[in-house]
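Residues per chain are reported as follows:
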Amino acid sequence: MSDLNGTRQLLQGNEAVVHGALAAGCRFFAGYPITPASEIAELFSILLPACDGTFIQMEDEIAGMGAVIGASLAGVKAMTATSGPGFSLMQENLGFACCAEVPCVIANVMRGGPSTGLPTSPAQGDVQMARWGTHGDHPIIVLALSSVIDSFTITAKAFNLSEKYRVPVILLSDEVVAHTRECVELPSTDEIRVVDRIRPSVPPDWYTPYEGDARGVPPMASFGDGYRHHVTGLIHDKQGFPTQNSSEIEAFHLRLAHKITRGFPEIQMSREFFLDDAEVAVIAYGSVARSSLRAVQDARKNGIKAGLLQLITLFPFPRGYVSPLLSQCRAVLVPEMNMGQISREVHRVNQTECRIVKHNRIDGQFITPTEIYKQLIKL
Amino acid sequence: MAQKKTPAQPSGAKPKSAGISGQKKSHAVSFYHDWCKECGLCMAFCPKKIIRADKNGKPVITNEDLCTGCRFCEMHCPDFAITVEVRTPRRRKTDE
Amino acid sequence: MHVPARELRQEYLRHDKKFPHVWCPGCGNGIVMGSLLRAISSLKLSKDEVVMASGIGCSGRMPTYLDFNTLHTTHGRALTFATGIKLANPTLTVMAIMGDGDATAIGGNHFIHAARRNLNLTAVIINNSIYGMTGGQYSPTTPFGARSTTSVYGHVEHAFSISELAVTAGASFVARSTVYHADLMDKLLEKAITKRGFAVVEVISNCHVQYGRRNRLGDAVEMITSYRDNAVTVRKAAAMTEEELEGKITIGVLADREMPVSTEEYARIRKQAQEKKK
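This is a predicted model, so every value here is computed, not measured.

Visitor: Kindly report on the overall build of chain C, identifying the contributing residues and their values.
Guide: A tally of helices and strands in chain C yields twelve helices and eight strands. Seen through its principal axes, chain C has C-alpha atoms that stretch 70 × 45 × 35 Å. Expressed as a percentage of its 278 residues, the buried residues of chain C come to 63%. Contacts in chain C between residues at least 24 apart in sequence constitute 67% of all its contacts with a sequence separation of at least 6.

Structure, rendered in structure tokens:
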């Protein structure tokens, strides 16, 4: 357990991710150096051995993702961290983790894209990729980090969701959150809830590795603890063996989808600021949510009934929070450091007359509160 | 054409052919015809040439007494369809 | 002591899987599987501690049939999953079963780094010089001039040697056998599994359906007979010239050395870091 819990610390966002992961019981990291995420690997390489964990730098991000899956199958909570280019390389193995329901956490510290893009500039251009990067229909959870304290608490939450739902969880940070250093009050150890995967309670001979429980999540045995079973990336039946049987294939996809939809109330997280009487609102996530909060506060001072809905969970898209806001407000502003990857989701769920205004910054610079304020007062 | 012995390979894998009472041991070769895909490896490589295809093409032993128990067929059957076991002839009731 | 096939079937094959297995009649994969099981049996490994990862391809289907902790990973990545498992639980005996393309084409980067890193892993590479499952395309070990579905004019590239690659990359133990030399393969696999460090066993195997047929190398019997006739032991090969070795298959142990094993180094720094923390 990272011994900083319960203390005040001056931490960088990337460092907070590491401490949050350790607090949640992460004991394995495999990754590859990449700006702006390398600090995560560096701190893990120092702290993990000290708490009987393993850090390994693999030959590429594909290998990093593979090693994380292997460690998780051996019963150890594991994560990797990367940025756009590495995240692109990881997609196939990420899909394996979705298909074989292997709990793991992937931190993607976003930078300007596409390709090598702007390695030291913030951006939010990997949002849709986090959801649809790997091929085929698949369940996944995508969370957005907006601050250093978020990087601690939401990372810990990511491990709990990943273990509870046996699904990979993507943490979307960006260069600003990653490299901002703030003084934060870390929750104490007993304040941090740690969830572990459910283990099989039947004897090994009766173990059906991929039969979902009431929530659709199969209890998970580790390699080496006597529950010998087969894990594969092929679509598989309840026993874990490849199947061509169409009803089994359909049941497989539906189970994987429903285990997430059933968990919406817990999985979909957001924060609301001044929304009670808001007539106009900002929907924002990640570092841009902090600029938005300042802009909303300034607008309030000038008598504008503005509010902020900060999305923590991007996928599954929290329609339950967004739709009521759309029917309440006459207009909604969606500021993003991309060309509208979440505003399109807001459009998708908009059944009302509410006007959705995009504010897209794609020049590698951070969106400032003033910019948002100027848009807000025009709504 | 006996199996090519390579020096790095101790002959431990092949049981000595000395029987319990010193005379030559005989072996029983059993086939799983359900699993056999008639690939012909056993028939081709049997040093004593005693495995023949029956009318369905499945391997059968023509003369089991000639089998030296070299296990080549068993170890090279891709489908685990052959087992070679020591067959100790029963002459007397007490002969275990 | 020899393990009869009946015992292998009973003890190690998954009883709820459909047999005979999916590989073509006479395919070398089945012979390698038998040899692997005999090695595991004579080493008396408990089935709970054996982890068998495989990539994609004909060889990839092997763990599905075997009653161990089995893992069918993405193409070429078996060694990365195996690395994660081994480091997370070093008490497990972890092995990866790969084909020539799986291990050295798409998986080449992971192969040389697994060898450089020299973790306690065993890599069994079934080299039949072709991508069999996908219909017979050439692979990194398909010889110059050979026919395949992607080299109908004769292959224009040259093959490299998997074993020499492993030796140069730093694996502690590298050996080669062919599916003809099952006795030798049993012994090499036993050594590889118990070897301290990264152990590679390359097995020259026949794919008469995709490779043999298109290159007039005959059926399973003829291809395996050619392995018998062209095999040369490491000792004999050392005394032969380049030309004499043309078309020959050097079998036996190519490298067996004591080298630093990173699984142990990772454990050492764990202990060291925890002592420093106290």
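Next comes the rest of the account.
Visitor: Describe the nonpolar core, naming the residues involved and giving the relevant values.
Guide: In terms of nonpolar packing, the biggest core is built from 88 residues, with Leu314(A) and Phe198(C) touching the most fellow members. Residue assignment places this core across two domains, with domain 1 (8-191) and domain 2 (270-378) of chain A each supplying three or more. Apart from residues lying up to four places away in sequence, Leu314(A) is in contact with Val127(A), Val142(A), Ala144(A), Leu172(A), Tyr285(A) and Ile342(A).

Visitor: So what's going on with the interface of chain B and chain C? Residues and values would help.
Guide: Taken residue by residue, the interface counts 33 residues in chain B and 41 residues in chain C. Summing both sides of the interface, chain B and chain C together bury roughly 3,100 Å²; the carbon and sulfur share of this comes to 65%. Summed over the three residues of chain B that lose the most area to chain C, namely Lys37(B), Met75(B) and Phe80(B), the buried surface amounts to 24% of that side. One can count one salt bridge joining chain B with chain C. Note that Arg6(C) and Glu85(B) form a salt bridge whose closest N and O atoms lie 2.5 Å from each other. Where chain B packs against chain C, one counts eleven residue pairs in polar contact (both at pLDDT 80 or more). Secondary-structure elements contributing two or more residues to the side of chain B that touches chain C are helix 1 (41-45), helix 2 (72-76) and strand 4 (82-87) of chain B. Taken together, the residues of the side of chain B that touches chain C sort by class into 19 nonpolar, seven polar and seven charged.

Visitor: Break down the side chain of Asn160(A) for me, citing the residues and quoting the values.
Guide: Residue and element names in this part refer to chain A. Mapped onto the fold, Asn 160 is located in helix 6 (residues 148-165). Of the polar contacts made by the side chain of Asn 160, one reaches the backbone nitrogen of Val 195; its length is 2.9 Å. Apart from residues no more than four positions distant in its own chain, Asn 160 is found in contact with Arg 193, Val 194 and Val 195.

Visitor: I'd love a proper account of the sheet that holds strand 3 (residues 93-99) of chain C, names of residues and values included.
Guide: By definition, the strands of a sheet pair up through backbone hydrogen bonds, in either a parallel or an antiparallel sense. In space, the nine strands of this open sheet follow the order 9(A)-2(C)-1(C)-3(C)-4(C)-6(C)-5(C)-8(C)-7(C), with mixed pairing throughout. Two strands bound the open sheet, and with one partner strand each, they are strand 9 (230-232) of chain A together with strand 7 (231-233) of chain C. For this sheet, the mean inter-axis angle between neighbouring strands, taken without regard to orientation, is 20°. As paired strands, strand 5 (residues 173-178) of chain C and strand 8 (residues 249-256) of chain C are joined by four bridges and run antiparallel to one another. Paired with Arg176(C) across the bridge in strand 8 of chain C is Gly252(C). Packing against the sheet, helix 9 (residues 220-230) of chain C makes contact with strand 5, strand 6 (199-204), strand 7 and strand 8 of chain C, and its axis sits at approximately 30° to strand 7 of chain C.

Visitor: An account of the packing of aromatic side chains is requested, with residue identities and associated values reported.
Guide: All names here are of chain A. The final tally for this structure, using the stated rule, is 13 aromatic pairs over all chains. Judged by centre distance (4.8 Å) and plane angle (20°), the rings of Phe 29 and Phe 44 are stacked. With Phe 29 in strand 2 (residues 28-31) and Phe 44 in helix 2 (residues 38-50), this pair connects stretches of sequence that are 15 residues apart. Overall, Phe 29 belongs to the buried group, its relative accessible area being 0%.

Visitor: A description of the interface of chain A and chain C should follow, citing residues and the corresponding values.
Guide: Across the boundary between the two partners, chain A contributes 39 residues, which contact 38 residues of chain C. For the pair chain A and chain C, the summed buried surface comes to about 3,200 Å²; carbon and sulfur atoms form 59% of the total. Area buried by chain A at its contact with chain C is led by Glu59(A), Phe223(A) and Arg228(A), which between them contribute 22% of it. For the pair chain A and chain C, the interface holds four salt bridges. Taken together, the connections running from chain A to chain C amount to 20 residue pairs in polar contact (both at pLDDT 80 or more). Per-element tally for the side of chain A that touches chain C: the top contributor is helix 3 (residues 61-73) of chain A, with eight residues. By residue class, the composition of the side of chain A that touches chain C is 22 nonpolar, twelve polar and five charged. For strand 9 of chain A and strand 2 (residues 69-72) of chain C, the ladder comprises three bridges, and the chain directions are parallel. Counterpart to Thr232(A) in the pairing with strand 2 of chain C is His72(C).

Rules used in this analysis
- Residues numbered from 1 in each chain as written.
- Chains lettered and ligands numbered in written order.
- Predicted model: local features only at pLDDT ≥ 70, side-chain atom pairs only at ≥ 80, totals over all residues.
- Heavy atoms only, no water.
- Helix = DSSP H or I, 4+ residues; strand = E, 2+ residues; numbered from the N terminus.
- Buried < 20%, exposed > 50% of the residue type's maximum accessible area, 1.4 Å probe, protein only.
- Contact = heavy atoms within 4.5 Å.
- Core = buried A, V, L, I, M, F, W, Y, C linked by side-chain atoms within 4.5 Å.
- Domains from an automatic or database assignment.
- Buried area = accessible area lost by both parts, 1.4 Å probe.
- Salt bridge = Lys/Arg side-chain N within 4 Å of Asp/Glu carboxyl O.
- Polar contact = N/O pair within 3.5 Å; in protein donor to acceptor, adjacent residues only side chain to side chain.
- Nonpolar A, V, L, I, M, F, W, Y, C, P; charged D, E, K, R; others polar.
- Pairing = 2+ DSSP bridges.
- Axes fitted to C-alpha atoms, helices over the stretch in contact; angles between N-to-C directions.
- Phe/Tyr/Trp six-rings, centres within 6.5 Å; stacked < 30°, edge-to-face > 60°.

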